[in-house]
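# Secondary and tertiary structure notes
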Amino acid sequence: MFEEPYRWMEAVSNRHSYVQERLKLGQPVFSVPFDEGVLIVGFAPQRGKIFEIYDRIALGGVGHPADVERLRMTLLEMAHLEGFNRSAQDVTLARLLQFGIAPALKQNFEEIQRAPYIIRLLLVELDRECNPTFFRINYDGHWETFKDGTVIAGKEKIMDWIQKEIRALPFATFTLDKALEEVCRLWVESKKQEDGDGDDDKDFPKTLKEAFDQWYLEGALLSGKVERRAIYRTLTEEEIGKLKSSVG
Amino acid sequence: MSFQSNAQSSPGDFFELLGRSGYRWQTRVDPQTQNDFAVTQGTTVLAFHFKDGVIVAGDRRATAGNSIMYEHCDKVIPIDDYSLMAIAGVPATAFEMARILTHNFEFFRRSQMQSMSGEGKIRTLSKLLKENVGMAIQGLGAVSPIFATYDLQSKKPAIHFYDMLGADFQIRTHTATGSGSPTIRGILEHEDLWGEKPLAERSESNAVTLAVRLLQTAAQFDSATGKARPDDEIFPTVAIITEEGYRFMDDKELTDICKTSLRR
């Protein structure tokens with residue numbers, strides 16, 4: 001297999017198709033700025049899409065839960081060892097990605113005897129001046145940076161459509177409530193983009209009422225208003241209840 | 001990027017992660033290097049229960065033998081949102097213990113997605129002290145801390161005092177440690193038994209006033225305990241822990257408190 005470059009390229013291409021097929025049903029996780037920080041939110045049949053990584057860093061994931069978990073632990077260990085050995089100020093998302101998981105993911109993906117990670121991750125950081133940075137990293141180690149917010153989803157078509165919509169909205173000026181409402185609206189609109197593509201997700205909720213009834217809304221924020229070191233917190237029941245009554 | 005499941009490992013244990021990365025906490029006992037010199041404990045730190053929670057306070061002086069080295073030392077250290085450690089003993093060891101604890105509690109909370117229990121936090125410090133015995137008896141790293149926390153499960157504040165071997169003692173009323181502590185332990189007991197109210201029934205402002213006065217008294221009799229010197233902007237460290245977490249008094253509050261509480 002290795003003496004013929006074509007075979008290797010074909011194998012890598014097959015892996016892309018395999019992973020993309022497995023990711024297809026992954027539900028969108030949004031991350032957008034609002035007037036006091038950054039919001040990260042998504043609907044899913046079970047909890048386990050949004051996590052705290054370090055004082056000012058959060059993670060969202062779609063894909064195989066065991067793979068998301070493995071990468072989450074890797075990020076947690078890297079961040080905490082760096083924070084202990086040097087300083088919390090040296091723990092930055094760019095370093096964790098560029099020198100940590102991205103090269104490892106790429107190597108893993110191209111070593112074709114090893115099982116690929118079935119993941120797409122969204123990482124967000126709010127710096128001390130309250131400026132957010134959004135990153136999206138793929139199963140093959142390729143990452144992109146965004147200023148205005150970003151999204152990950154199983155289907156690239158949906159992801160690209162939501163990304164365009166996020167860029168068109170002034171999320172950074174919205175209050176938390178308004179940002180949540182707009183994200184919910186985008187979620188509903190994105191469902192309409194899926195119509196008729198013949199995928200096996202017919203039983204999935206299509207309206208917000210169905211989503212609230214059948215799934216969990218998982219959400220967290222990095223707040224620039226908090227004076228503590230760790231600025232991550234999950235959305236409260238009251239905040240979700242308020243959203244439900246305003247959009248439901 | 002390897003992850004190995006190991007039946008002997010403890011999930012969420014940052015101390016174990018440090019070990020895997022090559023870090024080693026303290027050396028074992030070396031009987032050849034035991035010596036007789038006493039460990040300097042130039043400090044007074046105290047903690048007691050009041051009506052809304054617990055108060056933890058300490059002076060700011062660091063000494064080496066007879067020399068005053070530093071007047072801005074922070075001896076009450078935040079560990080997580082609900083826990084503080086007040087230190088007496090060798091600062092290098094105490095500060096590193098605090099750093100390990102901070103990362104340990106946060107790593108556990110983030111990786112296991114739940115806060116460590118109050119009991120778990122208390123045992124973690126015991127473990128560090130136990131593994132530090134070698135350094136302590138060699139005269140190089142003895143630490144005698146007070147650990148105060150708000151237990152989110154029992155919804156109660158707790159104060160624990162530790163000996164240098166790692167034994168922990170839950171404190172129901174008050175405790176103090178460091179070279180200036182003998183002076184004020186008697187006053188605390190007297191105040192609790194025969195003062196205008198038991199300590200646990202006092203208001204926050206009353207508790208803060210008492211803490212500042214006690215530290216000033218300790219400094220009067222112990223040269224290794226620093227006095228409050230508002231003119232030089234040197235104040236004791238005073239923090240409280242309630243169900244909302246810890247809060248340190250800032251310099252402005254302490255200026256006002258010192259103005260009123262230190263007046264004769």
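Here we summarise the structure given alongside this text. Please read all numbers here as calculations on a predicted model, not as lab measurements.

Parameters at a glance
Residues numbered from 1 in each chain as written. Chains lettered and ligands numbered in written order. Predicted model: local features only at pLDDT ≥ 70, side-chain atom pairs only at ≥ 80, totals over all residues. Heavy atoms only, no water. Salt bridge = Lys/Arg side-chain N within 4 Å of Asp/Glu carboxyl O. Helix = DSSP H or I, 4+ residues; strand = E, 2+ residues; numbered from the N terminus. Buried < 20%, exposed > 50% of the residue type's maximum accessible area, 1.4 Å probe, protein only. 1 Å grid on protein atoms, 1.4 Å probe; cavity = no way out; pocket = protein on both sides within 12 Å on 5 of 7 lines; lining within 4 Å. Points joined across faces, edges and corners; volume = space filled by probe spheres on them. Contact = heavy atoms within 4.5 Å. Buried area = accessible area lost by both parts, 1.4 Å probe. Polar contact = N/O pair within 3.5 Å; in protein donor to acceptor, adjacent residues only side chain to side chain. Nonpolar A, V, L, I, M, F, W, Y, C, P; charged D, E, K, R; others polar. Phe/Tyr/Trp six-rings, centres within 6.5 Å; stacked < 30°, edge-to-face > 60°.

What follows covers the pattern of salt bridges. The final tally for this structure, using the stated rule, is 34 salt bridges over all chains. K106 of chain A is the salt-bridge partner of E110 of chain A, the closest N and O atoms lying 2.8 Å from each other. Residue E110 of chain A and its partner K106 of chain A are both found in helix 3 (residues 93-110); the two are separated by four residues, about one turn of the helix. The class of E110 of chain A is partly exposed, set by a relative accessible area of 28%. Three or more residues are tied together by salt bridges with common partners; here these are E52, D55 and R229 of chain A together with E106, R109 and R110 of chain B.

Let us look at the layout of surface pockets. Taken as a whole, the largest pocket encloses approximately 1100 Å³ of empty space. Taken together, 36 residues line the largest pocket, and the ones lying closest to its centre are E52, Y232, R233 and T234 of chain A together with R109 of chain B. Broken down by secondary-structure element, the contributors of at least two residues to the lining of the largest pocket are strand 3 (50-54), strand 9 (216-223), strand 10 (232-234) and helix 7 (237-247) of chain A together with strand 5 (76-80) and helix 2 (91-112) of chain B. In terms of residues, the lining of the largest pocket owes the most to one element, helix 2 of chain B, which gives five residues.

This part takes up the interface of chain A and chain B. With 23 residues of chain A in contact, the opposing surface of chain B contributes 23 residues. It is H80, F84 and R228 of chain A in chain A that bury the most area against chain B; as a group they hold 36% of the surface buried on that side. Counting across the chain A and chain B interface gives five salt bridges. For the pair chain A and chain B, the interface holds 12 residue pairs in polar contact (both at pLDDT 80 or more). Of all the secondary structure elements, the ones that give two or more residues to the side of chain A that touches chain B are strand 3, helix 2 (65-85) and helix 3 of chain A. Ranked by residue count, the leading element in the side of chain A that touches chain B is helix 2 of chain A, at 11 residues. Looking at the side of chain A that touches chain B, its residues break down into 13 nonpolar, three polar and seven charged.

Let's shift gears to the environment of V183 of chain A. Residue and element names in this part refer to chain A. Its place among the elements puts V183 in helix 5 (residues 176-194). Taking the C-alpha atoms as reference points, V183 and I162, separated by 21 residues in sequence, lie 9.6 Å from one another. Ignoring anything within four residues of it in the chain, the contact list for V183 reads F30, V32, L39, V41 and F171.

Moving on, we come to the packing of aromatic side chains. All names here are of chain A. According to the stated counting rule, one finds 11 aromatic pairs over all chains in the structure shown. Their ring planes at 55° and their centres at 4.9 Å tell us that F43 and W187 sit as a pair that is tilted. Here F43, found in strand 2 (residues 37-44), pairs with W187, found in helix 5; they are 144 residues apart in sequence, far enough to count as distant. As far as the burial class goes, F43 and W187 line up, both buried. An angle of 70° between the planes, with centres 5.2 Å apart, marks the rings of F204 and W215 as edge-to-face. Remark: W215 occurs in the loop between helix 6 (208-214) and strand 9 and F204 occurs in the loop between helix 5 and helix 6; sequence separation between them is 11 residues. In this structure F204 comes out as partly exposed when scored by relative accessible area, which is 21%. Overall, W215 belongs to the buried group, its relative accessible area being 9%.

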